[in-house]
2 protein chains.
Amino acid sequence: MSAPVRFNSRVTPRTPAGNARCLWSGGVRGASRAHDVRRLRDLLRSAVQGDRFTGGQLPGETELMAEHGLSRAAVREALALLRAEGLIERTQGVGTHAVAHSVSTRITEAHGTSSPSPTSLLNRRTRPRVLDRSVVALSAVAAERLGAPAGIPCLRLEYVALHEEEPLWLATNYALFPEAEKLRDCPFVTDWYALLADAGVEFGASEFVIGAETADPHTAAVLGVPAGAPVLAIEQTIADVSGRLFDLAFVQTRADRFRIVSRGTRNPMLEELA
Amino acid sequence: MSAPVRFNSRVTPRTPAGNARCLWSGGVRGASRAHDVRRLRDLLRSAVQGDRFTGGQLPGETELMAEHGLSRAAVREALALLRAEGLIERTQGVGTHAVAHSVSTRITEAHGTSSPSPTSLLNRRTRPRVLDRSVVALSAVAAERLGAPAGIPCLRLEYVALHEEEPLWLATNYALFPEAEKLRDCPFVTDWYALLADAGVEFGASEFVIGAETADPHTAAVLGVPAGAPVLAIEQTIADVSGRLFDLAFVQTRADRFRIVSRGTRNPMLEELA
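This structure is a prediction, so every number in the text was calculated from the model and none was measured.

## As for the overall build of chain A
Reasoning step 1: A tally of regular secondary structure across chain A gives eight helices and 11 strands.
Reasoning step 2: Counting every position in chain A, which comprises 274 residues, the buried fraction comes to 58%.
Reasoning step 3: Surface summary for chain A: the accessible area is close to 10,700 Å², and the carbon and sulfur share equals 52%.

Here it is, written out as structure tokens:
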């Protein structure tokens, strides 16, 4: 029972039931095919997005059938779901390959409160395509969110973050003055935190409300994904060193390219592993 | 220019351009209607999800047109997008109302590393509908993720978290022994962290990889949303007090009901505001 860690494991334990991989059932057992397909899809998606298949090559259908105790049709259905998501490609006679993997960014880097690692996307590795840089009246919704009066001027700075010419996220910032004045006049060369630093704008805290959306046709076109594609949606507020909010941003991130890693510890000894 | 914070502000500053709300343009100005629609949609969605419209009532079309300097068609398009997302309802003669708002949960509570607030969903306010509780062979992908041998037994515990009988998330856990033995035999009454506590399973750290997906038809049926609806996807690993991983979970959360709040601070004084 203790084979080395490897994909395509052919270990087949003896089972009490018909399903090759079930060792014990506690009475509640959702063995329906739809559940099985979803579970396999989730496991394979995790490995694809995490770039954990050697050379990007997925196990063959027969191997997946044996490992998961599933029919060929169920395996094919799971692979079809991943293909529809644009995560894998299947070529007759060649096999199944991961098309791309997502980049995982530590949440503290995304907050701008820890130094980006050398390989991080936030280490000046993106460049902005600015869509809008204008001073507009602060809308009531944004005003309420920032705790500022509606109608005062704010800098709307909207851009697409590109990495190797591929769009990664679309961000619309509403920045209050006096910070807005510095941001308005400063060249925007890489990422938002670099812009803040270059403009001499200090900040004290950054908050995210993280959700998911699907891309409307226009957002999809900007991000280079099909309409209806999943988007990781981050609503961000940034406070100055005294806690006063000066920026509200709506960030729509390609879910097939970007994920956020967060870690909570109860044992301070484990902090170092983060 | 400093009106009190309120919705439906009618402040109309003087503008250099045709657009009622543009005060200054830096040359780059994405004033296309598609951009305008998306920006308005994002602002309104933020207020709907954050439950910030009094009585759930959105401003009227005319008010939104005046405030944002947009045509009636553009305002209607933004509202149509929110309606398609199931976030608002429009009734002739009555107006536009938020249908539901999302619950924001602090990421430290979601990690199980801070005590849930009294109003938190994670304060024993959900109950599980268990779909599967069986011992299966650990798949190669899960084994690699947990740093354990493929093929060893693990407890697959899958459930839908219900709040007031409404599904909120679907979670599939793969838990290793010896923890799995305690989890297998313990009544699962509210949430996962309560189960860990009830089963006497201590943990030291919890890590998330946060992404977005769209619901396949089966997942959609389980969550009570339309197929293709956005899902906040959390891949979780849980470590024991020594740092050894003993649980891998795939959590699919309704994006229309659940968002995660995270805060990063550079100024320790601002920690208290988190």
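## Quick word on the interface of chain B and chain A
Reasoning step 1: Facing the 106 residues of chain B at the interface are 107 residues of chain A.
Reasoning step 2: For the pair chain B and chain A, the summed buried surface comes to about 8,800 Å²; carbon and sulfur atoms form 58% of the total.
Reasoning step 3: Joining chain B to chain A, the criterion identifies 14 salt bridges.
Reasoning step 4: The salt bridge involving Arg39 of chain B is made with Glu158 of chain A; its shortest N-O contact spans 2.6 Å.
Reasoning step 5: Inspection of the chain B/chain A interface yields 35 residue pairs in polar contact (both at pLDDT 80 or more).

## Topic: the relation of the copies chain B and chain A
Reasoning step 1: Between the two copies, chain B and chain A, the superposition gives an RMSD of 0.0 Å; the rotation angle is 180° and the shift along the axis is 0.0 Å. Such a combination of turn and shift is consistent with a two-fold rotation axis. The rotation axis passes nearest to the C-alpha of Ala212 of chain B in chain B, at a distance of 2.7 Å.
Reasoning step 2: Most of the interface of chain B is mirrored in chain A, where 100% of its interface residues again form contacts.

## Thoughts on the packing of aromatic side chains
Reasoning step 1: Scanning all chains against the criterion turns up 12 aromatic pairs over all chains.
Reasoning step 2: An aromatic cluster is present here, built from Tyr159, Phe188 and Trp192 of chain A joined pairwise through their rings.

## Description of the nonpolar core
Reasoning step 1: Ranked by internal contacts, the top residues of the largest apolar core, which has 74 residues, are Trp192 of chain A together with Trp192 of chain B.
Reasoning step 2: Ranked by residue count, the leading element in this core is helix 7 (residues 192-199) of chain B, at five residues.
Reasoning step 3: Not counting residues up to four positions away in its chain, the partners in contact with Trp192 of chain B are Leu157, Tyr159, Asn173, Leu183, Ile238 and Asp247 of chain B.

## Digging into helix 3 (residues 72-84) of chain A
All names here are of chain A.
Reasoning step 1: Between its first and last C-alpha, helix 3 extends 18 Å over 13 residues, near the 18 Å set by a 1.5 Å rise per residue.
Reasoning step 2: Within helix 3 the residues assigned to the buried category are Ala74, Val75, Ala78, Leu79 and Leu82. Down the axis of helix 3, the buried set is contained in an arc of 135°. They therefore lie on one face. Exposed residues on helix 3 whose side chains face more than 90 degrees from its buried face are Arg83 and Ala84.
Reasoning step 3: Residues of helix 3 that are buried sit in contact with helix 1 (33-49), helix 2 (61-68), strand 2 (88-91) and strand 3 (95-98).

## Things to note about the packing of helix 1 (residues 33-49) of chain B against helix 3 (residues 72-84) of chain B
All names here are of chain B.
Reasoning step 1: Put simply, helix 1 and helix 3 touch, their axes get as near as 9 Å, and they point 50° apart. When the axis of helix 1 is compared with that of helix 3, the two are oblique. Judged by the sense of rotation from one axis to the other, the crossing of helix 1 with helix 3 is right-handed. In this structure, helix 1 contributes Arg33, Val37, Leu40, Arg41, Leu44 and Arg45 to the contact, and helix 3 contributes Ala73, Ala74, Val75, Glu77, Ala78, Leu79, Leu81 and Leu82.
Reasoning step 2: Grouping the amino acids of the contact of helix 1 with helix 3 by side-chain chemistry returns 10 nonpolar, no polar and four charged.

## Some remarks on the pattern of salt bridges
Reasoning step 1: In total, this model carries 56 salt bridges over all chains according to the counting rule given.
Reasoning step 2: As a salt-bridge pair, Glu207 of chain A and Arg263 of chain B come within 3.1 Å of each other at their nearest N and O atoms. In this pair, Glu207 of chain A sits in strand 8 (residues 205-214) while Arg263 of chain B sits in strand 11 (residues 258-265), so the two residues belong to two different chains.
Reasoning step 3: Arg263 of chain B gets classed as partly exposed once you look at its relative accessible area, which sits at 26%.
Reasoning step 4: The network of salt bridges with common partners includes Arg41, Asp42, Arg45 and Glu85 of chain A together with Glu213 and Asp216 of chain B.

## Topic: the pairing of strand 3 (residues 95-98) of chain B
All names here are of chain B.
Reasoning step 1: Alignment of strand 2 (residues 88-91) against strand 3, held across four bridges, turns out to be antiparallel. If you follow Thr91 over to strand 3, its bridge partner there is Gly95.
Reasoning step 2: The turn joining strand 2 and strand 3, which pair antiparallel and follow one another in sequence, is formed by three residues; a positive phi near 80° is taken by Gly93.

## Notes on the layout of surface pockets
Reasoning step 1: When its volume is computed, the second largest pocket comes out at roughly 570 Å³.
Reasoning step 2: Together, 36 residues line the second largest pocket, and Glu213 and Thr214 of chain A together with Glu85, Leu87 and Pro230 of chain B are the ones closest to its centre.
Reasoning step 3: Sorting the residues of the lining of the second largest pocket by element identifies strand 8, strand 9 (230-239) and strand 10 (245-254) of chain A together with helix 1 and helix 3 of chain B as the ones contributing at least two each.
Reasoning step 4: Taken together, the residues of the lining of the second largest pocket break down into 17 nonpolar, nine polar and 10 charged.

Cut-offs used in this document
Residues numbered from 1 in each chain as written. Chains lettered and ligands numbered in written order. Predicted model: local features only at pLDDT ≥ 70, side-chain atom pairs only at ≥ 80, totals over all residues. Heavy atoms only, no water. Helix = DSSP H or I, 4+ residues; strand = E, 2+ residues; numbered from the N terminus. Buried < 20%, exposed > 50% of the residue type's maximum accessible area, 1.4 Å probe, protein only. Areas by Shrake-Rupley, 256 points an atom, 1.4 Å probe, with all protein chains shown as cover. Contact = heavy atoms within 4.5 Å. Buried area = accessible area lost by both parts, 1.4 Å probe. Salt bridge = Lys/Arg side-chain N within 4 Å of Asp/Glu carboxyl O. Polar contact = N/O pair within 3.5 Å; in protein donor to acceptor, adjacent residues only side chain to side chain. Least-squares fit on C-alpha atoms with pLDDT ≥ 70 in both. Phe/Tyr/Trp six-rings, centres within 6.5 Å; stacked < 30°, edge-to-face > 60°. Core = buried A, V, L, I, M, F, W, Y, C linked by side-chain atoms within 4.5 Å. Expected span 1.5 Å × (residues − 1). Arc of directions from axis to C-beta. Axes fitted to C-alpha atoms, helices over the stretch in contact; angles between N-to-C directions. Parallel < 35°, antiparallel > 145°, perpendicular 65-115°, else oblique. Left-handed = near helix turned anticlockwise from the far one by under 90°. Nonpolar A, V, L, I, M, F, W, Y, C, P; charged D, E, K, R; others polar. Pairing = 2+ DSSP bridges. 1 Å grid on protein atoms, 1.4 Å probe; cavity = no way out; pocket = protein on both sides within 12 Å on 5 of 7 lines; lining within 4 Å. Points joined across faces, edges and corners; volume = space filled by probe spheres on them.

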